[in-house]
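So you can see what is in the structure, the chains are spelled out below.
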Amino acid sequence: MTVPSLASSLSDTVSAAATSLGLADFVAQVRRSEHADFQADGVLAAARTLRRRPRDIAAEVVEALRADDLVAEVAGPGFVNLDLTDRTLLTQLAGRLADPRLGVGTPETGVTTVVDYSQPNIAKEMHVGHLRSTIIGDALVRILEHLGGTVVRRNHIGDWGTQFGMLIQYQNEQPAAAGGDDASMSRLAALYRQARARFDTDPQFAVRARQRVVALQGGDPDTVAAWQDIVAESTRYFTEIYDRLGVRLTAADAVGESAYNDALPGVAADLAAQAVAVPSDGALCVFFDQVRGPDGAPSPLIVRKRDGGFGYAATDLAALRQRVGELHADRLLYVVDARQSLHFTMVFDTARRAGWLPPQVSAVHVAFGTVLGPDGRPFKTRAGDTVRLVDLLTEAVDRAREVVAAKNPDLTGAALHERARQVGIGAVKYADLATSRTRDYTYDPQRMLALTGNTGVYLQYAHARIRSLLARAGNPAVTVDPTTTLEPAERALILDLDGFADTLTEVLTHYEPHRLCGYLYRLAQTFTTFYEHCPVLRAPDPIRANRLALCHLTGETLHTGLSLLGIPAPTHL
RNA sequence: GCGCCCGUAGCUCAGCGGAUAGAGCAGGGGACUUCUAAUCCCAAGGCCGCAGGUUCGAAUCCUGCCGGGCGCACCA
């Protein structure tokens, strides 16, 4: 059963009190405060429109709030401080514990969201950019689903385009150099590099490669078969990485660019018929008032190229139309690099104009910044190559294994490996999710894998400690006695715990998972303060039982919160 | 030229209209016969890029600068 947060309940209470006083426009903003449990803001703003003294209004509100379980008082220039009784806090604690969902509601019920994320390219290695998209998208998917939403995952894989002509042609001409029958991702990556180099330096090969593209698009059986082999091999590889990452993307979620091929002529024809797109230099383009190039000339979204081919604008439009029209999406999320922001602005605008994106359907480019190395430059190896995602994950897990083994010598073999995986992958994900997504992100393996401070491990450790404590107590049934007197550290913990559901909805207002990271980190710190100040097992009942209940809810909240970030929370570290 | 993002402690970052701007890391000083010290406590560290404006109140909103990053016609 949904348990409204204390903050939202108080907001209702204060608003009702203000209404009873005739303060019609009063909007109570209740938030946590250093000076009380909560503070209600809004009096100062109301005072101006009413032309009255703020403290007088605040005093009236306080008077109207008079109740047994609430202490309200005027503070400063016109703040209303709100303090709740221990009994109220303990009752709230009991309410959350009584619900398997910790009282979190399902405000997303009935809302369908299509989330487009990960987007690796066939025959190319995944790198840190894909990692960001994958991790952020996965967290958003989990949170949307947890709040009752319907989610369609879409992995818009780069499985089509001119580079496949190059790849297949090179493979045909140089079967040995391309690694023969040895089908693997490293073979494909090497093939890609060699084919690219040949394409750039040998004009005659480039001509043959372009002819091969025509053959592919024309459905030549041998060429199509070669393409399918390459796609299948890459897809197996991606699935392997998703499994390693603990990301819930499957082959079924992969709907690549090629899936929209048949729809592209229709997209172009409809846009042309509606005059949304117009011919320009032989291409079919959509223009925008504000979008201009360096020369001052309008810059288009190119729906169909001069040679008659389609680029990714057409593909994105086809996908969008299908997601709204056939999948009945209420919301479209694109977890893509911030550098694509102009592209999405144009695509969304075009779709609006064409009527494919009705006003009630939102489309959001969930942009993230470039991944930088410790030197502040785009993250590359010392040789200047893109860092392979697999290498990065392997390094993270290896280092985690060393740390885990050092702290927990009894752990060996498969158990050690599993623990190292949970810690290492968790560290990578947390480091990526914890910073606000729009800014460029400094990827520093040293810092992230130090496994100390504000990291995933800190949270995993806090969780494991709680599980250990509860196990030591014999995992008793949870009971809450609402009549005990609370220590400040206990009050702070209950108040923090109560903010979980509100944090999740806050994450969805701007699709910012880092807010959940910040919440969980604060919660872990508050718990640690409680842990240092309030003995649990040694305390006499009913205080002991209440503290065990606090531990229980904290453990559950950390576990749920971490899992919503896609981070495992083992019972032991 | 136009557009988007970013300038907060030495470093990496939170905070984005409310009371005295916070954390982590690094560096300094402490705390383990104690429920996991992968932890905690204390001290130190700030013209919140600059200048105006709006407001009872601005790191937060608006305008203009400065500095950095990234986009802007046939790659995706």
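Per an unreviewed UniProt entry, the recorded name for chain A is Arginine--tRNA ligase, and the organism is Micromonospora gifhornensis. Per UniProt, the comment on chain A under Subcellular location (unreviewed entry) is "Cytoplasm". A UniProt comment under Subunit (unreviewed entry) is attached to chain A, and it reads "Monomer."

It is worth spelling out the overall build of chain A at this point. Looking only at helices and strands, chain A features 20 helices and 13 strands. Summarising its shape, the C-alpha atoms of chain A cover approximately 85 × 65 × 40 Å along the three principal directions. Per-residue burial over chain A gives 52% buried out of 573 residues. Looking at chain A alone, contacts between residues at least 24 apart form 74% of all its contacts between residues at least 6 apart.

We now examine the side chain of Thr 528. Within the secondary structure, Thr 528 sits in helix α19 (residues 514-533). Among the residues examined, Thr 528 registers a relative accessible area of 18% and is labelled buried. For Thr 528, the side chain forms a polar contact with the side chain of Tyr 458, separated by 3.5 Å. When neighbours within four sequence positions are excluded, Thr 528 is seen to be in contact with Tyr 458 and Arg 465.

Okay, helix α13 (residues 389-407) next. For α13, built from 19 residues, the straight-helix expectation of 27 Å at 1.5 Å per residue is met to within 8% by its first-to-last C-alpha distance of 27 Å. Of all the positions in α13, only Leu 389, Val 390, Leu 392, Leu 393, Ala 396, Val 397, Ala 400 and Val 404 are classed as buried. All buried residues of α13 fall inside an arc of 160° around its axis, so they share one side. Facing away from the buried surface of α13 by more than 90 degrees, the exposed residues are Glu 402 and Ala 406. At its buried positions, α13 is contacted by α5 (128-146), α9 (221-245) and α14 (413-433).

The subject of this paragraph is unusual backbone geometry. Note: most residues except glycine have negative phi, and most peptide bonds are trans. That bond from Asp 541 to Pro 542 is cis: its omega, 5°, falls within 30 degrees of zero. Structurally, Pro 542 can be placed in the loop between α19 and α20 (543-564). Even without being a glycine, Asp 281 presents a positive backbone phi close to 55°. In this fold, Asp 281 is placed in the loop between β7 (278-280) and β8 (283-286). On the basis of relative accessible area, Asp 281 is assigned to the exposed category, the value being 67%. Its identity is not glycine, yet His 328 carries a phi of approximately 55°, on the positive side. Turning to its location among the elements, His 328 is positioned in the loop between α11 (312-325) and β10 (331-337). Taking relative accessible area as the criterion, His 328 reaches 54% and is therefore assigned exposed.

When the UniProt feature table is mapped to this numbering, "short sequence motif: 'HIGH' region" (unreviewed entry) covers residues 120-130. Annotated as residues 120-130, this span is 27% helix and 0% strand, and its ends, taken at the C-alpha atoms, are 6 Å apart.

The next thing to look at is the protein's contact with RNA strand B. Among the 66 residues in the neighbourhood of RNA strand B, the closest are listed as Arg 48, Glu 257, Lys 305, Ser 436 and Tyr 461. Within 4 Å of the protein, the contacting atoms of RNA strand B are drawn from sugar and phosphate to the extent of 57%. One of the backbone nitrogen or oxygen atoms of Thr 438 is found 3.3 Å away from a sugar or linking oxygen of RNA strand B. Residue Thr 442 places a side-chain N or O atom 2.9 Å away from a phosphate oxygen belonging to RNA strand B. When residues of the surface near RNA strand B are traced back to their parent elements, those giving at least two are β2 (38-41), α2 (43-50), β4 (79-84), β8, α12 (341-354), α13, α16 (456-472) and α19. Here the surface near RNA strand B gets 8 residues from one element, more than from any other, and that element is α16.

Core analysis: the largest hydrophobic core is formed by 145 residues, its most contacted members being Leu 82, Leu 392 and Leu 516. When near neighbours in sequence (up to four residues on either side) are disregarded, Leu 516 contacts Ile 143, Phe 500, Thr 503, Leu 504, Val 507, Gly 561, Leu 564 and Leu 565. Counting residues in hydrophobic clusters, the runner-up holds 37 residues, among them Val 255, Tyr 260, Leu 320 and Phe 344.

This part takes up the packing of α11 against α12. Close contact between α11 and α12 brings their axes to 10 Å; oriented N to C, the two are set at 50°. As summarised for this structure, α11 and α12 are arranged oblique, according to the angle between their axes. Relative to α12, α11 is oriented so that their crossing is right-handed. Contacts between α11 and α12 pair Tyr 312, Ala 313, Asp 316, Leu 317 and Leu 320 from the former with His 343, Phe 344, Val 347, Phe 348, Thr 350 and Ala 351 from the latter. Residues that form the contact of α11 with α12 fall into these classes: 8 nonpolar, 2 polar and 1 charged.

This next bit is on the UniProt feature "domain: DALR anticodon binding" (unreviewed entry) in chain A. The UniProt feature table records "domain: DALR anticodon binding" (unreviewed entry) at residues 459-573. Strand forms 0% of residues 459-573 and helix 67%; the C-alpha atoms that close the span are 11 Å apart.

Turning our eyes to something else, we now look at the packing of aromatic side chains. Scanning the model with the defined rule gives 12 aromatic pairs in all. Among the aromatic residues, those joined into a cluster by ring pairs are Tyr 334, Phe 344 and Phe 348.

Before going further, it helps to spend a moment on the packing of helix α17 (residues 488-497) against α20. Two numbers describe how α17 lies on α20: the axes approach to 11 Å, and their chain directions differ by 35°. Both α17 and α20 take part in a crossing whose hand is left-handed. Seen from α17, the contacting residues are Glu 490, Leu 493, Ile 494 and Leu 497; seen from α20, they are Arg 547, Leu 550, Leu 553, Thr 554 and Thr 557. When the residues that make up the contact of α17 with α20 are grouped by side-chain class, the tally is 5 nonpolar, 2 polar and 2 charged.

Moving on to the pairing of β8. Every second residue of β8 is oriented toward a common face, with Ala 283 and Cys 285 on one face and Leu 284 and Val 286 on the other, all of them buried. Of the strand pairs in this sheet, β7 and β8 are connected by 3 bridges, and their pairing is antiparallel. Note on β8: the bridge partner recorded for Val 278 is Cys 285. The hairpin formed by β7 and β8 contains 2 residues between the paired strands, and Asp 281 there has a positive phi angle of roughly 55°. For β8 and strand β9 (residues 301-304), the ladder comprises 3 bridges, and the chain directions are antiparallel. Paired with Cys 285 across the bridge in β9 is Ile 302.

About the criteria used
Residues numbered from 1 in each chain as written. Chains lettered and ligands numbered in written order. Predicted model: local features only at pLDDT ≥ 70, side-chain atom pairs only at ≥ 80, totals over all residues. Heavy atoms only, no water. UniProt positions renumbered as here; feature names shortened; annotations may be inferred. Helix = DSSP H or I, 4+ residues; strand = E, 2+ residues; numbered from the N terminus. Buried < 20%, exposed > 50% of the residue type's maximum accessible area, 1.4 Å probe, protein only. Contact = heavy atoms within 4.5 Å. Polar contact = N/O pair within 3.5 Å; in protein donor to acceptor, adjacent residues only side chain to side chain. Expected span 1.5 Å × (residues − 1). Arc of directions from axis to C-beta. Near = heavy atom within 4 Å. Core = buried A, V, L, I, M, F, W, Y, C linked by side-chain atoms within 4.5 Å. Axes fitted to C-alpha atoms, helices over the stretch in contact; angles between N-to-C directions. Parallel < 35°, antiparallel > 145°, perpendicular 65-115°, else oblique. Left-handed = near helix turned anticlockwise from the far one by under 90°. Nonpolar A, V, L, I, M, F, W, Y, C, P; charged D, E, K, R; others polar. Phe/Tyr/Trp six-rings, centres within 6.5 Å; stacked < 30°, edge-to-face > 60°. Pairing = 2+ DSSP bridges.

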